[in-house]
Amino acid sequence: MKRMIALLLLAGSTHVSMAQQKKLDKLSGNPVFPGWYADPEGMVFGKEYWIYPTYSAAYEKQVFFDAFSSRDLVTWTKHPQILDTASVKWAKRAVWAPSIIEKDHRYYLFFGANDIQSNEEVGGIGVAVADNPAGPFKDYLGKPLVDKIINKAQPIDQYVFHDSDGKYYLIYGGWGHCNIAQLKPDFTGFIPFADGTTFKEITPEKYVEGPTMFKKDGKYYFMWSEGGWTGPDYSVAYAIADSPMGPFKRIGKILQQDASIATGAGHHSVIGIPKENRWYIVYHRRPLTEKAANSRETCIDRMYFDKDGYIKPVKITREGVTRAVIR
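One structure accompanies this document, and this report is about it. Per chain, the residues get numbers from 1 upward, laid out in the order the sequence is written. Whole-chain, interface and lining totals are the exception, using all residues; otherwise, since this is a predicted model, local features are given only for residues with pLDDT of at least 70 and side-chain atom pairs are given and counted only at 80 or more. Derived side-chain values reflect all non-hydrogen atoms in the structure, with water molecules and hydrogen atoms excluded from consideration.

**What to know about the overall build of the chain**
Numbering of helices and strands runs from the N terminus; a helix is a DSSP stretch of H or I covering at least four residues, while a strand is a stretch of E covering at least two. Each helix and strand in the chain was counted, giving one helix and 20 strands. Taking the principal axes of its C-alpha atoms as reference, the chain extends roughly 90 × 45 × 40 Å. Partitioning the intrachain contacts of the chain with sequence separation of at least 6 by distance along the chain shows that 50% fall at a separation of at least 24. Only the protein chains shown count as cover for residues, and all accessible areas are computed by the Shrake-Rupley method using a 1.4 Å probe. As displayed, the chain offers around 15100 Å² of accessible surface, 54% of which is attributable to carbon and sulfur atoms. Looking at charge distribution, the chain has the averaged site of its 41 positive side-chain charges lying 7 Å from that of its 36 negative ones. Note on contacts: a residue pair is in contact if any heavy atoms of the two residues lie within 4.5 Å. In this tally, Asp and Glu contribute negative charge and Lys and Arg positive charge; neither His nor the terminal groups of the chain are included. Taken as the charge location is NZ of Lys, CZ of Arg, CG of Asp or CD of Glu.

Listed below in structure tokens is the structure:
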């Protein structure tokens, strides 16, 4: 009898364990993949989700990019060193914040390199190209696309926005300033605006770095990071406008630390599946066990809108998001 009871208890505990595992398998968990990674760019190519992050380490060790792909947001495949400085002769260190766009069956990866502090230094924003989202990527121009500090914006944290009218824009900037410029169709340079200028400053209140943009219901949502990237106050705010040039009036903060889960939640991107009304925010944060500046992990959580189109504050979680394939 005792043996039978023991077997029944074991079977019951196994059933509970399997049920718990089954529940866990339906969630991405946060972080979504192991390792120190920051500044994640989330994209969809075909029926796959992709994340392109910065390798979070000392600047001298930031000489390559890894990428990650998934068909369901839960199981991720690592694609190591899709680009490294051996393929970009002018880039030596601080390879940051990749932004990728597909055009005519080719993939263009925009990146910052060298953390230039003046116009006398070599570096800025470059472009690499590949025939596959997993690379390998090669330098496209043989030189930076943006190699100067313009409107006081350090040439880092680039984001490529493809508007519904077919135009492509480069949005970028650190040091509390943000520029926008219209890209040529082949991404080799820029098309001046009607007033003759090439770079327009669109800096909103409290902007620090990490811009991103998406369009929903005819409105342009501009988002950015605030606070210091090494501290707990790093966070994300946003504005809405009728044009990619703004003007952008800060609405408020929608992503920030939760002292019971993680600190320094910021430098994000957005994955949208508009036909299914699914929106995700992909961001980095620092675990509570970590104090080092580069101890940053990539996470994903749901992003929701209210009936008036405003973004609701995001709750950062340990669970992440539910398994979801792209139909």
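**Description of the packing of aromatic side chains**
A ring pair, where both rings are aromatic, is described by two values, the distance of the centres and the angle of the planes. Between the rings of Phe, Tyr and Trp (Trp by its six-membered ring), a pair exists once the centres lie within 6.5 Å; its type follows the angle of the planes, with under 30 degrees stacked, over 60 edge-to-face, and the other angles tilted. Overall, the coordinates contain 25 aromatic pairs when judged by the stated rule. Taking 5.7 Å as the distance between ring centres and 80° as the angle between the ring planes, the aromatic pair formed by Y221 and F305 counts as edge-to-face. Of this pair, Y221 sits in strand β15 (residues 219-226) while F305 sits in the segment after β20 (297-302), and the two are 84 residues apart along the sequence. For each residue, the accessible area found with a 1.4 Å probe, counting protein chains only, is set against the maximum for its type, and the residue is called buried under 20%, exposed over 50%, and partly exposed in between. On the accessibility criterion, Y221 (3% relative accessible area) is buried.

**Examining the sheet that holds strand β16 (residues 235-241)**
Sheet strands line up and pair through hydrogen bonds in the backbone, either parallel or antiparallel. Strands are treated as partners if at least two bridges between them are detected by DSSP. The strand order across the open sheet built from four strands is β14-β15-β16-β17, with neighbouring strands paired in antiparallel fashion. Both outer strands of the open sheet, β14 (209-216) and β17 (252-255), are each paired with one neighbouring strand and no more. On average, each strand axis in the sheet is tilted by 35° relative to the strand beside it, whichever way the strands run. Angles run from 0 to 180 degrees between N-to-C directions of axes, and those axes are lines fitted to C-alpha atoms, restricted for helices to the stretch in contact.

**A closer look at the pattern of salt bridges**
Any Lys or Arg side-chain nitrogen located within 4 Å of an Asp or Glu carboxyl oxygen qualifies as a salt bridge. Within this structure, the stated rule accounts for 16 salt bridges. Of the charged contacts in the structure, one is a salt bridge between K219 and D242, with a shortest N-O distance of 2.5 Å. You can see K219 sitting in strand β15 and its partner D242 sitting in the loop between β16 and β17, a full 23 residues away along the chain. A residue is classified by how much of its surface remains accessible, and K219, at 36% relative accessible area, is partly exposed.

**What about the sheet that holds strand β6 (residues 106-113)?**
Read from one edge to the other, the open sheet built from four strands follows the order β5-β6-β7-β8, with strand pairing classed as antiparallel. Each end of this open sheet is capped by a strand with a single partner; those strands are β5 (96-103) and β8 (138-139). Alignment of β6 against strand β7 (residues 124-130), held across seven bridges, turns out to be antiparallel. The partner of L109 across the bridge, within β7, is A128.

**Topic: the environment of Q62**
Mapping Q62 onto the fold places it in the loop between β2 (48-55) and β3 (64-70). With 84 residues separating them in the primary sequence, Q62 and V146 have C-alpha atoms 20 Å apart. Each residue touching Q62, except ones within four places of it in the same chain, is listed here: T54, Y55, S56, A57, R93, A94, V95, W96 and R296. Nitrogen and oxygen atoms within 3.5 Å of one another constitute a polar contact, given that in protein one can donate a hydrogen and the other can accept it, and given that sequence-neighbouring residues count only through two side-chain atoms. Among the polar contacts listed, one links the side chain of Q62 to the side chain of W96, at a separation of 2.6 Å.

**Examining the side chain of T212**
Considering the arrangement of structural elements, one finds T212 in strand β14. Apart from residues lying up to four places away in sequence, T212 is in contact with Y159, Y221, F222, M223, H268 and S269.

So yeah, pure geometry; function would need other evidence.
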